[in-house]
Each structure stands twice: as C-alpha cells, then as structure tokens.
Amino acid sequence: MELTRSLQRILLIDDDPNDRLLAIRELKNEFPDIQVQEALNWAEIFQAFADDEFDLVITDYELHWATGLEVLQSVKEHDIERPIVMFTDSGTQEIAVEAMKAGLDDYVLKSPKHRIRLSQAVRSVWEKAQIRRKALELEFRLQFLLDELKVGVFRSTLDGQLIEVSDGLLQLLGLDSLAQAQTFFQSRLQLSTLRNAAAMQRHREIKLNGSADQLRWLQVSEAPVPFGDQSFVDGLVSDISERKQASEVMRSLNQALEDRVEDRTARLKRLNHELSMFAFSVSHDLRSPIRQINGFVTLLEQELSSATVNETVRHYLQQISQLTERSGNMIDDLLQFSRTGRAELQYVSVDMNRLVQETKRQIELQAANRTIRWQIEPLPHIPGDLNLLRKVWQNLIENAVKYTRPRERAEIAIESIAGEQETIFSIRDNGIGFDAKDTKYLFGVFQRLPNAEPFAGTGIGLANVQRVIHRHQGRLWAEGERDAGATFYFALPSTPANG
Amino acid sequence: MEAAKTNVLLVEDDSNDILFIQRAFRQADIAASIQTVQDGDTAVDYLSGAGEYANRDRYPLPTLILLDLKLPRRSGVEVLEWIKQQPVIRRIPVIILTSSRESMDVDRSYDLGVSSYLVKPVNFNSLLQMFVALNDYWLKLNEYPSVPLMG
C-alpha cells in the first residue's frame, strides 16, 4: 500500500481571473502536472463537490458572492478531512485565526512578497493531510482488528495504574468501566505495583477460577513503552480458553495413549515373564524325575551285579543311564538358556559339518530301528554360538527324524548355499509335512500342528530354534506340504551380529 | 562333646531322593546316623524339640543339617532363616542340598548364613562321590561348635 499519494487535482475558487492565473502559475512551477479545476460561483463549487475530483482546495477570501469562511465551511461539510488553503489579499489576522479554528490548513497572502509561498504551503498542507489520513486509516484498521480479534488492550503506568482500556477488554472481561478493570487487574491479574521494565514478563498465561462452571484462561502480554521522560506499559489481554482446552484435550489424549502403551507393555512384560517362568518351572520339575530314573538305574545295576545277567541287559541299562543323563544335561542347558537368554552370545567359528554329524549320531541312537537315508552335503564354518547352534540342529534333525517315522525309508537331506551376506542352511525330509497355511504357527511357543499329535513333543523346540536364529540376526522359514515332507531353512549372517 | 557320635538331620520331602541319599550315605561308609524329616515345619519341630522330638535320645540334635530348598509347608529358606535366629541351634552347620542352581537361591542361602551349597547331581555315582567328600570334610575334618544336648 502506498503511504502517500502525490497531489494531482486542485479545486481553485476565486472570481478574479488574474488571481487564478497567478495561482495556477505558482502551482505549475512546483507541480508541473497539476490539474486545476476552477470554480467561480456556488453552482460550480457544488458541481465540483458532486464530481468530487479534487484533492485539495485553494480559496480566495473575498468573493463577490461569499466569504472564504463560508466556502471553508461548505468544504468541511463536504469532507472534513479535505485540505484547504486560503489565498487572499484581503483577509485580516482575525479572519485568519477564525479560519484556522474552523479547520483551515494554511493561509497565504497574494502580495508578491508572499504569494511565492503558495506552492510550499500547498505541498506541506497536502503532506500533513496525507499523514493525517494515514493515521486515521491505521487507527481504523487497528480498531477493526482489535474488534475482530477479540483482544483487549490496555495501557498502564509502571506501577500498575490503568490509564486506558479498550472496549474490547471490557467486553472480554465482562466489565463496564476503567475502575472495574482496575480492580479486576489488581485482584486477578496479579500485576505487581513495582515493576521494572527489565523484569517484566512479556507473556503470561493466567487461569481464572471464576464462579462460572468452566475455567477461563487469559493471556496477558505486556511491553514497557518509553514515552518522553516517563514510561508506560502497553498490554494485550486475550482469551485463550479454547486453545487451552484444546491442548488439555490433546494432553489427556496423549496421556491416555501413553497409559495404554504402558499397560500393554506391562502386560507383555508380565506375559513374557510368566512364560519364561513356566518354561523354567517345567524344565526344573522335569529334572528331578530324570535324575531319579538315573539313580534307580544305577541302583538296579548294583543289585544285578551279583546276579548273572546277559550283556544285552547291561547294554540297555547303560543306554537308559546315558539317555537320562543326556536328558538331564539338556534340561540343564534349557535352564541355562532361559537364565542366560539375555546374555551375550559367545561367538566362535562353528564347524557346521561337525556339529551336524555329532547331532546326527546322538539322534540316530534313539532311532536305531529306523531306516534313514542321510544325504549331508559339506557345510561351511559360520560365526555363531556353538551351544545355541547345536540346539538348532538338534531340534531340526530330531524333528526330521521324528516326523518321518511313518515312512519305511526316511530321507533327510542337509545342505547349504553360501551367499555374500549370509549362508542359508536347509534340512529337507520326506515326512508328514504340514499344511502351507499353518506355516505361521510352526514357530510359536507350545504350538503343535494337528498332524503332529501322534508324535511326542512339547512344541517349544521350533520356538527355541527361532529364538536362537533371531538372536544371531538370522532368518528362519519353512516350506511344506501335507504328507509330502518339509524343508526348514535358516540363514545366518556371514559376520557376527552386534547384540 | 560325647564320643564323636555324629548324626545328620536330612530335611527332604522327596522319598526317592531320601532313598538315594540313604544309599549313598551307606555306600560312602559314613559313620554318622541319619534322621529324616519331610517338611519344613517338622524340621523346626525336630530342632526345637517339640512334641515327640523332645526325646533327645531318639531324636538327638544333629551335628550337621542337610536341607532341601523346595519343601512343603515352611520352605527351606524359611527353615534356614528360623535356624539362624535360634540362640544355640544356629551354630549347627547347614548344607543346602537341592536341585536348584539358580543364583538367586544360592545367594539368598549364603546371605542367611549357610555353610555350604550343593546341587543334586544328575547321576547316582556323582551323588555317591559327593557324599564321600562330604564325609571326609564335614564329618571327619570339620571342627564342631558346642551344642548342648537339650538345645
């Protein structure tokens, strides 16, 4: 927006043609592009008012049909802000004073000594008028904004005495007068009486616990304003209840959300704890009977030592003893695993060939009456935790042996594919398999598929496998078809995972 | 103390384990006699001489207590706690003999002043060896505090 507009059109009221020429010449010197509309009588003046195409009026005082004062009055009636300059040779000091009181902006004599001042007077009057108009506009705009924004404005002395308050402020606070506002400010807004400008808080949020059923929040913004040799405080008060309510709603929503997350987390933690306690107590409770079976086998061996028994009996007893011991050790390992489930993995270079062969031998002992065709490809070394990876092979090979039991000739193939980032191991069998749609249940804790029912098992084996593989930052998956065998894959990173 | 007649109080609820321990005791040639109680409350009754246990000829105060942790009624830890609060009985060495090797149980037992903590081994021969060693150390080598007969 343009701050000032240049002067373009002047209404010149004078009935002396020579004086008009004189004035026009003076003006053209200063304003070469000025348009001058001349009015010689009331009719022409009113026509000019009607057209309203002039920025400023220059009038003579002594006209044949009126005085300059009358013209001045009519111009002010037309537009009180329209600037007007009197250009005359007949006025007196008294007239000048009276005219100025009536709103005349300047007064220039027509005498050769003075008339050269006309252009300057017009210019300065015009500029003042422009500034005045601008100020009016700003004030109007400010008023409009204050009304629309529902912001209360006040000005006070530094010691908290209100000097003025806006209507908006009174409306906002539901008050009628400055005195009421003063009381309100002192009792509710906690304006201190001795405030130094530096310590003044620019923005404060104040909670009003009114008698009304709802809380109100006001924001008070204050700034010290130096004004001559004293200072004031200019301030704004706005009602921020809605914003506060919205943020309160937001806060409580967030809180509710956090509470829910916390609840869920606590529940998950509890379930996890219960589960691990369950796994722990099951394995713990299993340890005693196994230990005791072993004890009785030993006592039985002692009792039989005097009697003559054949080697087969001794061999069986030895097998029982070994198996119970191995079971005991496995349970101990499981307990250890549950205890150190969070402990760091002990990375070594694991010889997968050896691990698979060892595991296979152990498991074959339990399946001596079975016909199993093993096809084991050479396997690489891989970084990993030896004991945990042993459990992986134990579980997977045991499963392969177990679920091929209905087959006259079981076929179990173990191989690996080395990639850049990882090595994929697989174990394929021709056992009972599983429905492809059940794949997602395979690795759940204590999950057992319907066709696995005739086979012994707790359903924790594959869950453990998954836990170990995941702890190695590896991947585990399976493919299967009902009655057409299963293939389990796991991929282990070629470099030890962090954590 | 009277003529080195030692006896051991076994606090153990599992009858199979009682049998194994008694066998191991015999096979380890342990001279001490062994008394058995099968829950925590009875252990406290025995040690405090309550009821029939007032008869110290039949139920002498033990030289050594073998205490399982998992017991019906009062737990092993509670029995241990009670023992260590008694004026004289607390001098009797207590050895925990349990299947738990949970560090929480181990630490708690030592905090309460247990003399030794043993885990029941998986096979009987190891149990036997354990009792041979126990006999050599705790019953033959160890010097015992004075515990008046009537407690």
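Analysis parameters
- Residues numbered from 1 in each chain as written.
- Chains lettered and ligands numbered in written order.
- Predicted model: local features only at pLDDT ≥ 70, side-chain atom pairs only at ≥ 80, totals over all residues.
- Heavy atoms only, no water.
- Phe/Tyr/Trp six-rings, centres within 6.5 Å; stacked < 30°, edge-to-face > 60°.
- Helix = DSSP H or I, 4+ residues; strand = E, 2+ residues; numbered from the N terminus.
- Buried < 20%, exposed > 50% of the residue type's maximum accessible area, 1.4 Å probe, protein only.
- Lys NZ or Arg CZ within 6 Å of the ring centre and 35° of its normal.
- Patch = residues over 30% accessible without salt bridge, like charges linked within 9 Å, V, L, I, M, F, W, Y side chains within 5 Å.
- Areas by Shrake-Rupley, 256 points an atom, 1.4 Å probe, with all protein chains shown as cover.
- Salt bridge = Lys/Arg side-chain N within 4 Å of Asp/Glu carboxyl O.
- Lys, Arg positive; Asp, Glu negative; His and termini not counted.
- Charge placed at Lys NZ, Arg CZ, Asp CG, Glu CD.
- Contact = heavy atoms within 4.5 Å.
- Polar contact = N/O pair within 3.5 Å; in protein donor to acceptor, adjacent residues only side chain to side chain.
- Nonpolar A, V, L, I, M, F, W, Y, C, P; charged D, E, K, R; others polar.
- Pairing = 2+ DSSP bridges.
- Axes fitted to C-alpha atoms, helices over the stretch in contact; angles between N-to-C directions.
- pLDDT = per-residue confidence, 0-100.
- Right-handed = clockwise from strand over helix to strand, strands pointing away.

S.K.: Quick question: what am I supposed to make of the packing of aromatic side chains here?
M.R.: The geometry of an aromatic ring pair comes down to the distance between the two centres and the angle between the two planes. All names here are of chain A. A complete count under the given rule lists 17 aromatic pairs over all chains for this structure. Where W42 meets F46, the ring centres are 5.4 Å apart and the plane angle is 15 degrees; that geometry is what we call stacked. Of this pair, W42 and F46 are both found in helix α2 (residues 42-51), four residues apart, which corresponds to roughly one turn of the helix. On the basis of relative accessible area, W42 is assigned to the partly exposed category, the value being 24%. Among the aromatic side chains, those forming a connected cluster through ring pairs are W42, F46, F49, F54 and W65. Over the ring of W217 we find K244, and its NZ or CZ is 4.4 Å from the ring centre.

S.K.: Sorry, what's going on with a negative patch on the surface here?
M.R.: Residues and elements named next belong to chain A. Taken together, E258, D259, E262 and D263 make up a surface patch of like negative charges. Tracing the backbone through its elements, the reader meets D263 in helix α9 (residues 241-306). Classification of D263 by relative accessible area gives exposed; the value is 53%.

S.K.: What am I meant to see in the interface of chain B and chain A here?
M.R.: The extent of an interface is frequently quoted as the accessible surface area lost upon association of the parts. Of the residues lining the interface, 19 residues belong to chain B; the matching set on chain A comes to 19 residues. Where R23(B) meets E303(A), a salt bridge forms, and the shortest distance between an N and an O atom there is 3.7 Å. Along the contact surface separating chain B from chain A lie seven residue pairs in polar contact (both at pLDDT 80 or more). Counting only elements with at least two residues in the side of chain B that touches chain A, the list comes to α1 (15-27) and α5 (124-141) of chain B. In terms of residue count, the dominant contributor to the side of chain B that touches chain A is α1(B) (six residues). Here the side of chain B that touches chain A is composed, by residue class, of six nonpolar, six polar and seven charged.

S.K.: Can you help me understand the sheet that holds strand β6 (residues 151-157) of chain A in this one?
M.R.: All names here are of chain A. With antiparallel pairing, the five strands of this open sheet are ordered in space as β7-β6-β10-β9-β8. In this open sheet, the two strands that pair with only one neighbour each are β7 (162-165) and β8 (203-208). Averaged over all adjacent pairs, the angle separating strand axes in this sheet is 25 degrees, with direction ignored. In the packing of helix α8 (residues 178-188) onto the sheet, the strands contacted are β6, β7, β8, β9 (216-227) and β10 (230-239), and the crossing angle to β7 comes to about 115 degrees.

S.K.: Is there a simple way to explain the confidence of the model for chain B in this structure?
M.R.: A low pLDDT means the predicted coordinates there should not be read in detail. In the predicted model, chain B carries a mean pLDDT of 89, and 95% of its residues have values of at least 70. No element of chain B has a lower mean pLDDT than helix α4 (residues 103-111) of chain B, at 89, and none a higher one than strand β3 (residues 64-67) of chain B, at 96.

S.K.: I'm lost on the pairing of strand β2 (residues 35-39) of chain A in this one. Help?
M.R.: Each regular strand shows side chains that alternate between the opposite faces of the sheet. Residues and elements named next belong to chain A. As defined by bridge partners, strand β1 (residues 9-13) adjoins β2 across five bridges and the pair is classed as parallel. Bridge pairing links I10 to V36 in β2. In this fold, β1 hands off to helix α1 (residues 17-30), which returns the chain to β2; that crossover is right-handed.

S.K.: How should I be thinking about the pattern of salt bridges in this particular structure?
M.R.: Pairs can form between side chains of opposite charge whenever their charged atoms are close. Under the counting rule described, the total for this entry stands at 36 salt bridges over all chains. Across the pair R9(A) and D55(A) runs a salt bridge, and its minimum N-O distance is 3.2 Å. Separated by 46 residues along the polypeptide, R9(A) in strand β1 and D55(A) in the loop between α2 and β3 (56-59) bring together distant segments of the chain. According to the relative accessible area criterion, R9(A) is partly exposed, its value standing at 25%. Across the salt bridge formed by D68(B) and K120(B), the nearest N and O atoms sit 3.6 Å from each other. With D68(B) in the loop between β3 and α3 (76-85) and K120(B) in the loop between β5 (116-119) and α5, this pair connects stretches of sequence that are 52 residues apart. D68(B) sits in the buried class, given a relative accessible area of 4%. By relative accessible area, which is 4% here, K120(B) ends up buried. One continuous salt-bridge network, built from bridges that share partners, spans R291(A), E12(B), D17(B), D68(B) and K120(B).

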